[in-house]
Amino acid sequence: MHTVTANGATIPALGFGTFRMSGPDVLRMVPHILRLGYRHIDTAQIYGNEAEVGEGIAASGVSRADIFLTTKVWVENYRHDAFLHSVDESLRKLRTDYVDLLLLHWPNKAVPLAEQVAALNTVRAAGKVRHIGVSNFSTALMAEAIRLSDAPIVTNQIEYHPYLNQDVLLDAARGAGLSVTAYYAMADGKVFANPMLTEIASRHGRSVAQVVLRWIVQQGGLIALSKTVGEARAVDNLEIFDFTLPADDMAAIHALARPDARIVNPAGLAPAWD
Ligand SMILES: NC(=O)c1ccc[n+]([C@@H]2O[C@H](COP(=O)([O-])OP(=O)(O)OC[C@H]3O[C@@H](n4cnc5c(N)ncnc54)[C@H](OP(=O)(O)O)[C@@H]3O)[C@@H](O)[C@H]2O)c1
């Protein structure tokens, strides 16, 4: 598995996402994907499946030490004591004494960012978390989190796919040494109907999913997340490190970006985007 290095963290460039996955699907898929060779799993407190992720890892036979495991603290747990308690609860459910990466899931103005970042640093200093990061942060919030943190912020996990231009955030993250972790790479399924992506895929003898995931990881400093409940699709999505997209295909995929392409924009959580 290829890795991305960012502010001291070494992160497998492809992560298996578990959003909108039921407990039974997680129990079925997590051992499967680990045996296939995935080494990065992304979950969150709000997904309600940390216990099944932990059980799936235990059942896989793959050593915990060989897995990069990410979870995210939900916004209602950002007050200091609740934050620490929620992380202990996550570790208990995940059946581990540390996670590799802990993220603030969304901004939450109701709690000072300084308090949120201090809690991230507290659990990191306690050894419960190897690395810390943010998710769904604008460049302004990302800069503020970096300024407030003793330990380096290693990633900003954001929506990113061919229809959504994220150049401003990507440049800011790179400039500060952060990786960017891309979610919704398939634009929640919208990429599959795109004729140009289908043409590129068929020319390379690849699937559209592989082309899109490859387009992300080939940019450098980016990690792609991909979720599927299909065993064969999980095989497909892993096979993105044995081919290269030529520069003109990379540019053509970038050119699919259009205004108003953001899919995940929940009122009350979303910041003022860049
Ligand atoms: N930080 C955040 O706020 C946030 C928000 C959203 C997501 N995430 C993370 O990012 C992960 C990825 O997002 P996502 O998977 O929901 O969205 P996505 O990457 O856009 O995928 C959308 C759908 O594509 C299908 N798919 C996957 N591989 C395929 C393939 N090879 N061929 C055809 N269809 C395929 C999957 O459906 P099937 O399961 O039916 O195959 C999946 O539900 C999540 O699981 C989560 O870990 C984070």
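Reading guide: rules and limits
- Residues numbered from 1 in each chain as written.
- Predicted model: local features only at pLDDT ≥ 70, side-chain atom pairs only at ≥ 80, totals over all residues.
- Heavy atoms only, no water.
- Phe/Tyr/Trp six-rings, centres within 6.5 Å; stacked < 30°, edge-to-face > 60°.
- Helix = DSSP H or I, 4+ residues; strand = E, 2+ residues; numbered from the N terminus.
- Buried < 20%, exposed > 50% of the residue type's maximum accessible area, 1.4 Å probe, protein only.
- Lys NZ or Arg CZ within 6 Å of the ring centre and 35° of its normal.
- Near = heavy atom within 4 Å.
- Polar contact = N/O pair within 3.5 Å; in protein donor to acceptor, adjacent residues only side chain to side chain.
- Areas by Shrake-Rupley, 256 points an atom, 1.4 Å probe, with all protein chains shown as cover.
- Nonpolar A, V, L, I, M, F, W, Y, C, P; charged D, E, K, R; others polar.
- Pairing = 2+ DSSP bridges.
- Right-handed = clockwise from strand over helix to strand, strands pointing away.
- Contact = heavy atoms within 4.5 Å.
- Axes fitted to C-alpha atoms, helices over the stretch in contact; angles between N-to-C directions.

Within this structure, the stated rule accounts for 6 aromatic pairs. Where F19 meets Y47, the ring centres are 5.0 Å apart and the plane angle is 35°; that geometry is what we call tilted. Of the two residues, F19 sits in the loop between β3 (14-17) and α1 (23-36) while Y47 sits in the loop between β4 (40-42) and α2 (50-60), which places them 28 residues apart along the sequence. Using a relative accessible area of 37% as the deciding quantity, one classes F19 as partly exposed. Measuring from ring centre to ring centre gives 5.1 Å for Y160 and W215, while their planes differ by 35°; the resulting arrangement is tilted. Within this pair, whereas Y160 is found in the loop between β8 (153-159) and α6 (167-175), its partner W215 is found in helix α8 (residues 208-217), the two being separated by 55 residues in sequence. The same class applies to Y160 and to W215, which are both buried. Seen from the ring of Y163, R258 lies directly overhead, with NZ or CZ sitting 4.5 Å from the centre.

Moving on, we come to the site of the ligand. Neighbouring the ligand are 28 residues; D42, K227, T228, R233 and N237 lie closest to it. Contacts to the ligand include H105, whose side-chain N or O atom sits 3.3 Å from an oxygen atom. Here a nitrogen atom of the ligand sits 2.8 Å away from a polar atom, N or O, in the side chain of N237. When isolated, the ligand has an accessible area of 900 Å², and the protein chains bury 89% of it. Here the element with the most residues in the shell around the ligand is helix α9 (residues 231-238); it accounts for 3 residues. Here the shell around the ligand is composed, by residue class, of 12 nonpolar, 9 polar and 7 charged.

The buried fraction of strand β5 (residues 68-73) is high, at 6 of 6 residues. On β5, burial covers both faces: F68, T70 and K72 on one face and L69, T71 and V73 on the other are all buried. Sheet analysis places β4 next to β5, joined by 3 bridges and oriented parallel. For H40, the partnering residue across the bridge sits in β5 and is F68. Taken together, β4, α2 and β5 constitute a β-α-β crossover, and its handedness is right-handed. With 4 bridges connecting them, β5 and strand β6 (residues 99-104) associate as parallel partners. Note that in β6 the partner of V73 across the bridge is L104. Each parallel crossover has a hand, and for β5 linked through helix α3 (residues 80-94) to β6 it is right-handed.

Moving on, we get to the pairing of β6. The buried fraction of β6 is high, at 6 of 6 residues. With respect to chirality, the unit in which β6 leads through helix α4 (residues 113-125) into the neighbouring parallel strand β7 (residues 129-135) is right-handed.

Relative to the assigned elements, T181 resides in strand β9 (residues 179-183). Under the relative-accessibility criterion, T181 is labelled buried at 4%. Dropping the residues within four chain positions of it, T181 is found in contact with T155, N156, Q157, I158, I223 and L225.

Moving on, we get to the side chain of N136. You can see N136 is positioned in the loop between β7 and α5 (139-148). In terms of polar contacts, N136 uses its side chain to reach the backbone carbonyl oxygen of H105, at 2.9 Å. A polar contact of 2.7 Å, which involves the side chain of N136, links it to the side chain of Y183. With near-sequence residues (within four places) excluded, N136 lies in contact with H105, W106, P107, N156, Q157, I158, Y183, P271 and W273.

Once that is clear, we can look at the sheet that holds β4. With respect to topology, 8 strands assemble into a closed barrel ordered β3-β4-β5-β6-β7-β8-β9-β10, the strand pairing being parallel. For this sheet, the mean angle separating the axes of adjacent strands, direction not counted, is 30°. Of the strands in this sheet, β6 and β7 are in contact with α4, which crosses β7 at around 155°. Sheet contacts for α8: β3, β9 and β10 (222-226); angle to β10, the most-contacted strand, approximately 155°.

Structural measurements only, silent on function.
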